[in-house]
Each structure stands twice: as C-alpha cells, then as structure tokens.
Amino acid sequence: MGSGRRTKRETTVKTEEILHMKRSSTWRFIHKLKVLSISDLFYSVDLTALWRRHVVWSHKDGKELLEIVTGRFATTQIFLSLLFAAEVGTYFSPSRIVTDVRNALRTGPYVGNPLRYATGIVLIVSIILTGSAVLANYTALGVFRCLGHENAAMVLRSDIGLYAAQLPSRLTFLSIITFFAWNVMFWWVNVEGYYKSSLALTILTVLLIGHVITTFSAMGRVIMGTSAMGHEPILPKGTEEQLLPYELTNVLLTETLISQGLQTKVNRQYRHNFDNKNKHEDQSTTQPEASYEASLRCRHPDIQLETVHEIILENEE
C-alpha cells in the first residue's frame, strides 16, 4: 500500500517537472525535426487523412465543423482562378521563349530541345491540375454548404467525407508545386548555357518551399500531438502565463513526443475532452484547479505515467 502511494506520488512529481525541464536550443531544434515524418518533408501535414481526422473528431458542433472544413474553399477558388488564367495566358503567349516551348512540343523530345519539351509538358500538367483544383473547390463548397449541422460530424468522419474534404486541398497543393516547377524550368530554358544562376535560383526555391512545408508540418504535428484542436486546455489554468516562450516550446515538443509514443486513437483522444466539457457545463460549483497530470489524462485517458517517463528518458539520450 505504502509503496503504491509513493510510486504514484513520485510519478506525479515527475510529471509536473516536465513543465520546468531545462532544454537547450539544440534540443529544441533536434526535436522539432524529430516530430516530423518522412512525408512531412514533401507535403504539409494538413493534407493528410490524420489531420482531417483530428479536425472532425475535435469539434462536436456541426456548424463550427462545417465552417472549419469549408473556410478555405471560397478564397482558394479565387486564388486558383487567377493562377489558372496566368498559366493559360502563359501557354498561349506570343513571346519567343514560349513559342520555342510550343514548337518543341510539336517536334517531340528527340528532335528538338528535350528541356523545352519537358517544360511544355509540365506547364500543361500544371494547367490541368489547376483547372481540376478550381472545379474541386467550387464543387466542394456547394456540396458541403448543403450539409445539415446535425449530420455534418457523421458525414465528415466517414471515409468518403474525409476524402472529399481533402481532395481540394491536395489538388491545390499539387497545382502550386507544378506552378513553381514550370517557372523554374523556364529559367533554365531562358539562360541557354549560363546554368549557374539557374541552379542557384532552383536551390533557393527548393529550400524556401521545403522550409515552409517543414515549418507548418512541425506545427501541425505539435497541434495534433497535444490535442490543441480540442476544448481541453493543454496546461492548467494560469500555468502557461508563468512559463517563458522557450519553456512553452519545451512542453509542447515533449508532449508531442509522448503522444507519438502512446499512439492514442484520435476518437478516443477527443471523446474524453467532450465528456469533461459537458461535466463542467452541468456543474455550477467551482472546480478545483487541475494539475498537469490530470490534463495529460484528459487527452490520453489510458495513459500510464511510468510509460511517459520512459519516453522522456529515451529522448534525453
């Protein structure tokens, strides 16, 4: 009995110590990369099915959920329409370089310039993808707006609902990537022998795009790992106000690593939050201030603190 109480007390103290662990800037940089998966280097995490599952399970209200899912459709459609017009205008441009690219498409890759032929193919693919993205965003906006608030959660949590909600964003991403691709290829076509400048611009473009993708993928992994989409606070009331920005980053990264180690199912992760929210709304009495341990249990109902400490120790090595 006494041994059990000491163990629980020790694990509680260790859990609270997560908030004040000393971390170096090197540790933070390494673990920002560590929360990423291989796919996060190539496309943002918000294009994955896992992200959509977190979105639809973290919001119970149908109206709020629909606003989140359809929020980007209208603005993205305007952006894509302008992009589509620019690409079509480029393809039919009377400028010499574009005319050379069109001539290469007619003669084929083995007769004319292979680079010009490839540039024309990528431009055509980009036009097709952008047109498809415009259609997908326009159709998705019309379809999801007709969905009743009471049935929104059920439909969007289904496989077909998740796929339909993801399709416009995926096509938009591919459209943007191919837009950059044919622009970069036009730089190479235009220099004709002076390839060092084009190589430098290509590397710069790849690095900037990669930086944007990995930054927001890491942010997305932290949001999912800490259940930040839900209504349950990550830290107890007032605790985050006592921590400095780098200490908050330490807590977020540590809990993301804990979450990846525990692999709590998404629906299980957020159902507990809704239960707690309803309990708070039903009780008029003041609730005692929660500990960080209790906050962790809200997001991971089946958590075992000994496992948490093992995960933390593994990431200290």
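**Things to note about unusual backbone geometry**
No. 1: We note that serine 227 has phi near 55°; this positive angle belongs to a residue other than glycine.
No. 2: Topologically, serine 227 is positioned in the loop between α10 (195-225) and α11 (245-262).
No. 3: Accessibility expressed as a relative area gives 0% for serine 227, which makes it buried.

**So, a nonpolar patch on the surface**
No. 1: A cluster of nonpolar residues, Ile38, Leu41, Phe42 and Tyr43, forms a patch on the protein surface that exposes about 440 Å² of accessible area.
No. 2: Relative to the helices and strands, phenylalanine 42 is located in the loop between α2 (25-34) and α3 (49-58).
No. 3: Judged by relative accessible area, phenylalanine 42 falls into the exposed class, the value being 58%.

**A few points about helix α7 (residues 114-145)**
No. 1: For α7, with 32 residues, the first-to-last C-alpha span of 46 Å sits near the 46 Å given by 1.5 Å per residue.
No. 2: Measuring from the side-chain oxygen of the N-cap residue of α7 to the backbone nitrogen of leucine 115 gives 2.9 Å; that N-cap residue is asparagine 113.

**Things to note about the packing of aromatic side chains**
No. 1: Under the defined criterion, the tally for this structure stands at 5 aromatic pairs.
No. 2: Relative to phenylalanine 180, the ring of phenylalanine 179 has its centre 6.0 Å away and its plane inclined at 70°; by these criteria the two rings are edge-to-face.
No. 3: Ring centres 5.4 Å apart and planes at 85° place the aromatic pair phenylalanine 179 and tryptophan 182 in the edge-to-face group. With phenylalanine 179 and tryptophan 182 both in helix α9 (residues 159-191) and 3 residues apart, the pair spans about one turn of that helix.
No. 4: Members of the aromatic cluster, joined through ring pairs, are Phe179, Phe180, Trp182 and Phe186.

**Some points on α9**
No. 1: Over its 33 residues, α9 runs 48 Å from end to end, which matches the ideal 48 Å to within 8%, given 1.5 Å per residue.
No. 2: Just beyond α9, the residue with positive phi is glutamate 192, at close to 50°.

**What about the nonpolar core?**
No. 1: Ranked by size, the top nonpolar core spans 22 residues in total, and within it Trp51, Val56, Leu65, Phe144, Leu147, Leu156 and Met229 carry the most contacts.
No. 2: Those elements that place two or more of their residues in this core are α3, α4 (62-70), α7, α8 (149-157), α9 and α12 (266-282).
No. 3: Element by element, the count of residues in this core is highest for α3, at 4 residues.
No. 4: With sequence-adjacent residues up to four places away left out, phenylalanine 144 is seen in contact with Leu66, Thr70, Phe73, Leu156, Gly161, Ala164 and Ala165.
No. 5: Core analysis: the second largest hydrophobic core is formed by 8 residues, Val101, Ile127, Phe186 and Val189 among them.

**Here we look at the pattern of salt bridges**
Where side chains of opposite charge bring their charged atoms close, a pairing between them can arise.
No. 1: The final tally for this structure, using the stated rule, is 3 salt bridges.
No. 2: Residue aspartate 46 pairs with arginine 72 through a salt bridge whose shortest N-O separation is 3.6 Å. Taken together, the positions of aspartate 46 in the loop between α2 and α3 and arginine 72 in the loop between α4 and α5 (73-91) put the pair 26 residues apart, joining distant regions of the chain.
No. 3: On the accessibility criterion, arginine 72 (45% relative accessible area) is partly exposed.
No. 4: In this structure, the salt-bridge partner of aspartate 100 is arginine 96, at a minimum N-O distance of 3.1 Å. Highlighted residues: aspartate 100 and arginine 96, both in helix α6 (residues 96-107), separated by 4 residues, approximately one helical turn.
No. 5: A relative accessible area of 56% means that arginine 96 is categorised as exposed.

What counts and what doesn't
- For every chain, the first residue of the written sequence is number 1, and numbering continues from 1 along that sequence.
- In view of the model being predicted, local features appear only for residues whose pLDDT reaches at least 70, and side-chain atom pairs are presented and counted only at 80 or more, with totals across whole chains, interfaces and linings using the full set of residues.
- Side-chain metrics rest on all non-hydrogen atoms present in the structure, leaving aside hydrogens and water.
- Where helices and strands are cited, they refer to DSSP runs of H or I of at least four residues and of E of at least two residues respectively, numbered from the N terminus.
- Relative accessibility thresholds used throughout: buried, under 20% of the residue-type maximum; exposed, over 50%; partly exposed, between the two (1.4 Å probe, protein chains only).
- Only residues above 30% relative accessible area that lack a salt bridge enter a patch, with like-charged residues linked at up to 9 Å and the nonpolar side chains Val, Leu, Ile, Met, Phe, Trp and Tyr linked at up to 5 Å.
- Areas reported here follow the Shrake-Rupley algorithm with a probe of radius 1.4 Å; residue values treat only the protein chains shown as occluding.
- A side-chain nitrogen of Lys or Arg and a carboxyl oxygen of Asp or Glu constitute a salt bridge if their distance falls within 4 Å.
- Expected span of a helix, by definition, is 1.5 Å for each gap between consecutive residues, and there is one gap fewer than residues.
- Here a polar contact is recorded for every N or O atom pair within 3.5 Å, except that within protein the pair must consist of a potential hydrogen donor and a potential acceptor, and residues adjacent in sequence are included only if both atoms are side-chain atoms.
- Stacked, tilted and edge-to-face are the three classes assigned to paired rings of Phe, Tyr and Trp, where Trp is represented by its six-membered ring and a pair needs centres within 6.5 Å; plane angles under 30 degrees give stacked, over 60 edge-to-face, the rest tilted.
- Within this scheme, the nonpolar core is defined by two criteria: the residues are buried Ala, Val, Leu, Ile, Met, Phe, Trp, Tyr or Cys, and they are joined through side-chain atoms within 4.5 Å.
- The contact criterion used is simple: two residues touch if any of their non-hydrogen atoms lie within 4.5 Å.

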